[in-house]
Amino acid sequence: GVFTIGEDGATVIAGTLATASALTLTAGKLTMSDGNVAIISSDTTDIVSITADSLLANNALIVKGSGAFTGTGASSFVAITPTGATTGTGLYIALAAATTLSYALDITTSTTTGTAARLTNTGILTGVGAALSIIADSATTAGNATGEGVVNISVDGLTTGAALNIESISNELLTSGVLAHFEHTASGTTVAAKTGSLVRIDSDITESGTSTQDFDMLSIVRRSTHDTAGTLTATGSLIYIENVATETGATLTDTVNGLEVVMDAQGTGTGVKITHPATTGKSLDVIASATTGTVALLTMNSLTTTGVGLSLTNTAGGGGSAMTSGS
């Protein structure tokens, strides 16, 4: 039969084609008190389609559960597992008319040892692959203050943790790869004058009582440990700074400083401090190819009668020279 009602009200509707409606409700709701919904389809059209043209602040689709749920992976609370997907998209969200304070995806969790959002990629990424890609090419005036930015991380309750942690642990295959890459390019006939910094680190502490602040704004530590047979040769730099100036058929005026340190007048700390305990190492090595310029310049703007422009002290004693010259 095309329409049968069996024992306990079990209803079967044969229907006709996959694209034809076998059951139509022109008004009202469909309520299931207890049970499951299983849809098996081999059609090429949309399996479940929801159109809510008059939706305001309520839900187009809501999934709730109050039980102590522990499912993971394919048994998660909501699982999307298109096993035949190749170049398709697993989940697509488009807020075409979204304006101020809209969220395409809003995740709220109270977990302590879990993760609010986790991305796991089991494929071998190539040059064009990425586990996470953020494209905001239309963001022209995204703020760079607190609570702003294309990517914004707020950790006001942070004490000893890390706001951003990038790890490559026990990776013996890392060669020319980098853990972080920042690149800015601009090419045109009238490139806007860039001001400010490309990467900025700010720390602002205002104390109304008494405290001692002892920390580094940027800490770079490189460890080379050799504990077995063989040879380990460590070269390179902890910080490498290069300014490339190329003039081709034009006029280029380049007065860029390789390293500039500006200290406030209220601070009595050292502008540049180098501690090098190696007996055969060089604390400062300047290699200059200038022919008519000045290799090293010390300008004392406020030097008094008791001040010293340059002081060389050999605390080790012995017969070593504090200063030598040659040509």
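Each chain has its residues counted from 1, running along the sequence as written. Two thresholds apply to this predicted model, a pLDDT of at least 70 for residue-level local features and 80 or more for giving and counting side-chain atom pairs, whereas whole-chain, interface and lining totals are computed over all residues. Excluding hydrogens and water, the side-chain values take into account all heavy atoms of the structure.

(A) Broad picture of the overall build of the protein. From N to C terminus, the protein includes zero helices and two strands. With the radius of gyration taken over C-alpha atoms, the globule rule is written as 2.2 Å times the number of residues to the power 0.38. Relative to the globule expectation of 20 Å for 327 residues, the C-alpha radius of gyration of the protein, 33 Å, shows a markedly less compact shape. Projected onto the principal axes, the alpha-carbon positions of the protein cover approximately 110 × 55 × 55 Å. Only protein chains enter the accessibility calculation, which uses a 1.4 Å probe; a residue is then buried when its area is under 20% of its type maximum, exposed when over 50%, and partly exposed in between. Each of the 327 residues in the protein was classed as buried or not, and the buried ones make up 0%. Accessible surface area values rest on a Shrake-Rupley calculation with a 1.4 Å probe, where residue burial reflects the displayed protein chains alone. A total of about 32000 Å² of accessible surface is found on the protein, and carbon and sulfur atoms cover 51% of it. His residues and chain termini do not enter the charge count, which takes Lys and Arg as positive and Asp and Glu as negative. Just so you know, the charge point we use is NZ for Lys, CZ for Arg, CG for Asp and CD for Glu. When the 9 basic and 25 acidic side-chain charges of the protein are each reduced to a single mean position, those positions are 7 Å apart. Helix and strand assignments come from DSSP, with helices taken as H or I runs of at least 4 residues and strands as E runs of at least 2, each series counted from the N terminus.

(B) Spotlight on unusual backbone geometry. Despite not being glycine, Asp 8 has its phi angle at roughly 60°, a positive value. Not every positive phi belongs to a glycine, and Ser 170 is a case in point at roughly 55°. Looking at the element boundaries, Ser 170 is found in the segment after β2 (11-13). By relative accessible area, which is 73% here, Ser 170 ends up exposed.

(C) Broad picture of the pattern of salt bridges. Any Lys or Arg side-chain nitrogen located within 4 Å of an Asp or Glu carboxyl oxygen qualifies as a salt bridge. Counted under the stated rule, the structure contains one salt bridge. As a salt-bridge pair, Arg 200 and Asp 202 come within 2.8 Å of each other at their nearest N and O atoms. Residues Arg 200 and Asp 202 agree in their burial class; the two are exposed.

(D) Representation of the environment of Ala 10 in the model. One can find Ala 10 in the loop between β1 (3-5) and β2. Sequence separation of Ala 10 and Asp 204 is 194 residues, and the distance between their C-alpha atoms is 70 Å. If near-sequence neighbours (up to four positions away) are discounted, Ala 10 is found in contact with Thr 4 and Ile 5. Contact criterion: two residues are considered in contact whenever any of their non-hydrogen atoms come within 4.5 Å of each other.

(E) Region of interest: the packing of aromatic side chains. In this analysis, rings of Phe, Tyr and Trp, with Trp reduced to its six-membered ring, are considered paired at centre separations within 6.5 Å, and the interplanar angle assigns stacked below 30 degrees, edge-to-face beyond 60, and tilted for intermediate values. Scanning the entire structure with this criterion turns up one aromatic pair. Arranged with centres 5.3 Å apart and planes meeting at 80°, the rings of Phe 69 and Phe 77 form a pair that is edge-to-face. Note on Phe 77: relative accessible area 43%, which makes it partly exposed.

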